[in-house]
Amino acid sequence: MSDAPIITANHLSWWYTPQTDDGEPVKALSDLDFSIRPGSFTGIIGPTGAGKSTLCMALAGIIPNPDDGTMRGTMTVAGHNTAECSVAELSNDVGYVQQDPESQLFCSSVEDEIAFPMESRGIDPDLMDQRIDAVLHMVGMDGYRRRVPTSLSGGQMQRVAIAAALACHPRILVLDEPTAALDPEGRREVFRALEKIRENRELTVVMAEQDTDGLARYADHIMVLDHGGIVGQGDATLFSTHRDMLIELGVALPGRDPGPPAIVTDNENHDDQRAQSNVEQRPPAIRFDHVTYRYPEGGNGTAALDDVSLAVGQGAFVGLIGRNGSGKTTLARHLNGMLHPTAGEVTVDGLHVRGRRVGEMARHVGYAFQNPDHQIFCATTREEISFGPLCLGVPREEISRRVERLLRRFRLEEVADRSPATLGYGQRRLVAFASVLAMETPILVLDEPTAGLDRRLSGMILDAALERNRDGATMMMISHDMRAVRTYCTYLIELEDGHVHAAGPVATPREPEHGEER
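Residues numbered from 1 in each chain as written. Predicted model: local features only at pLDDT ≥ 70, side-chain atom pairs only at ≥ 80, totals over all residues. Heavy atoms only, no water.

Describing the side chain of arginine 402
Considering the arrangement of structural elements, one finds arginine 402 in helix α14 (residues 396–409). The exposure class of arginine 402 is buried, given its relative accessible area of 10%. Contacts of arginine 402, omitting those with residues within four sequence positions, involve Pro389, Val394, Ala438, Met439 and Glu440. (Helix = DSSP H or I, 4+ residues; strand = E, 2+ residues; numbered from the N terminus. Buried < 20%, exposed > 50% of the residue type's maximum accessible area, 1.4 Å probe, protein only. Contact = heavy atoms within 4.5 Å.)

Concerning the sheet that holds strand β18 (residues 474–478)
On the basis of which strands lie adjacent, the open sheet formed by six strands has the order β16-β17-β18-β13-β19-β20 and mixed pairing. Taken across any chain shown, the strands that pair with only one partner, and hence form the sheet edges, are β16 (365–368) and β20 (499–505). Here the average twist between neighbouring strands, direction ignored, is 15°. Summarising the sheet, strand β13 (residues 317–321) and strand β19 (residues 491–496) pair through four bridges and their orientation is parallel. Bridge pairing in β19 links glycine 319 to leucine 492. Each of β13, β17 (443–447) and β18 is contacted by helix α16 (residues 455–470), which is oriented at about 150° to β18, the strand it contacts most. (Pairing = 2+ DSSP bridges. Axes fitted to C-alpha atoms, helices over the stretch in contact; angles between N-to-C directions.)

Here we look at α14
One turn of the α-helix equals 3.6 residues, which is why residues spaced by three or four share an orientation. Taking 1.5 Å per residue as the helical rise, α14 with its 14 residues ought to reach 20 Å, and the 20 Å between its terminal C-alpha atoms agrees with that figure. Along its buried surface, α14 packs onto α13 (381–391) and α15 (425–437). Downstream of α14 by a residue or two, arginine 411 has a phi angle that is positive, lying close to 55°. (Expected span 1.5 Å × (residues − 1).)

Here's the deal with the packing of α13 against α14
α14 packs onto α13 with a crossing angle of 135° between their chain directions and a minimal axis gap of 10 Å. With respect to α14, the element α13 is oriented oblique. In the packing of α13 onto α14, the handedness of the crossing is right-handed. Contacts between α13 and α14 involve Thr381, Arg382, Ile385, Ser386, Pro389 and Leu390 from the first element and Arg396, Ile399, Arg402, Val403, Glu404, Leu406 and Leu407 from the second. Partitioning the contact of α13 with α14 into residue classes produces seven nonpolar, two polar and four charged. (Parallel < 35°, antiparallel > 145°, perpendicular 65-115°, else oblique. Left-handed = near helix turned anticlockwise from the far one by under 90°. Nonpolar A, V, L, I, M, F, W, Y, C, P; charged D, E, K, R; others polar.)

Quick word on the pairing of strand β4 (residues 69–77)
Relative to β4, strand β1 (residues 7–16) is paired through eight bridges, and the arrangement is antiparallel. If you follow serine 13 over to β4, its bridge partner there is arginine 72. Bridge analysis of β4 against strand β5 (residues 80–81) gives two bridges, and the strand direction is antiparallel. Each bridged residue has a counterpart across the sheet, and for valine 77 the counterpart in β5 is histidine 80. With antiparallel pairing between neighbouring strands as the criterion, β4 and β5 make up a hairpin whose turn holds two residues, including alanine 78 at a positive phi of roughly 50°.

This is how it looks when you write it as structure tokens:
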């Protein structure tokens with residue numbers, strides 16, 4: 001490993017251009033000085049909104065190109081001053097994976113997606129074919145070459161994006177929250193794959209992450225960001241030496257994956273009162289009766305859901321878990337009519353969903369997407385939160401009460417009259433979730449509510465969901481975050497290859513404690 005740095009930042013600062021005529025520039029990076037050695041693995045951690053994604057974009061040359069802000073200082077990457085070269089030129093040395101994989105996948109098949117960067121560099125077709133198989137195997141996506149990327153789960157799309165970034169053998173790989181949408185085994189596979197590459201050739205890895213378990217094991221260097229500045233750096237011992245600071249910032253500390261909670265079986269006797277109240281004995285809020293679903297195009301011939309039967313009692317807080325591609329999102333999207341079964345029947349809140357439109361089901365099921373940009377569209381935050389209940393015919397005085405309460409609950413008062421599209425990722429997540437809560441539906445679906453968020457924001461969302469659950473609403477949470485599942489869920493459904501692998505009440509759900517690190 002050479003001592004000469006491959007990446008150097010010298011007094012690097014960045015201000016985003018104001019989104020409104022009377023707005024102020026938003027400072028995202030503040031006077032950064034650091035260097036990174038070739039072949040090293042650097043982890044970037046910090047609370048949501050600390051500047052991690054902005055720094056990743058600066059390393060990939062997206063900042064300051066295009067010119068949507070003001071940069072001071074310099075960033076040198078692989079010998080290039082990023083202010084003086086194009087993104088295309090820098091991409092010869094830098095592979096970049098964005099936080100949202102959907103935003104960078106655009107081809108009609110997985111193999112085309114991975115081939116595209118190699119075609120742009122004139123790589124021999126025979127070699128391209130070999131590399132496609134090799135990188136798909138590396139990220140655990142064997143057999144997916146001909147799948148349409150949009151038919152994949154979020155975690156599978158993330159793996160394809162990583163494979164495409166690796167295909168051209170970049171000298172530097174920049175990864176922005178690459179494991180946020182991955183199941184625990186998928187996260188381990190990504191870190192193992194990167195380690196294997198680094199054993200065989202020099203690859204410099206820079207990874208921004210909320211999940212610190214992998215960084216504690218594999219990273220050589222950790223940088224802690226807060227408000228755009230470096231507030232701590234060092235090797236993995238930083239997680240011990242800076243423990244109190246990291247907890248204060250809301251950064252998850254590394255620790256053993258607790259795995260899913262135990263499920264109560266019929267012949268078990270538990271003292272826990274909540275465990276004894278088997279939700280299957282309550283009137284069902286959700287029922288699947290021999291449901292099968294096949295995507296009409298872009299699939300691989302197998303059923304996304306295969307003869308699924310289950311019942312969830314009213315008032316349950318359900319954890320819907322399973323590996324990427326196991327059918328979790330497919331199942332959840334049957335609840336509000338986004339999908340209708342190929343065979344079988346889905347009953348939600350006493351209604352047969354077949355033939356009912358999403359707008360009709362919106363009175364019964366609220367759906368909070370993982371990507372807030374899939375549901376944000378109003379001119380102001382206040383209008384966004386008001387929109388759902390307004391469509392449901394809730395009186396305006398009641399809407400106003402709900403909106404003001406949610407603005408206070410999620411600390412959004414100062415941005416109430418700003419466009420939610422101009423807010424940071426964490427605040428956009430809060431606005432999107434508040435807009436669903438405002439509808440006060442009897443059933444609420446949370447799709448990966450903690451992914452990409454620090455512990456503070458995750459706790460804010462999940463505590464609000466728990467309050468709604470205690471008021472009688474049924475919650476279904478799709479999650480790979482086993483700490484959150486263990487803390488909040490009273491019932492568990494585990495899917496495997498479109499089948500229900502296990503289902504039942506959680507044996508020992510516990511109340512989250514105030515101030516607890518979740």
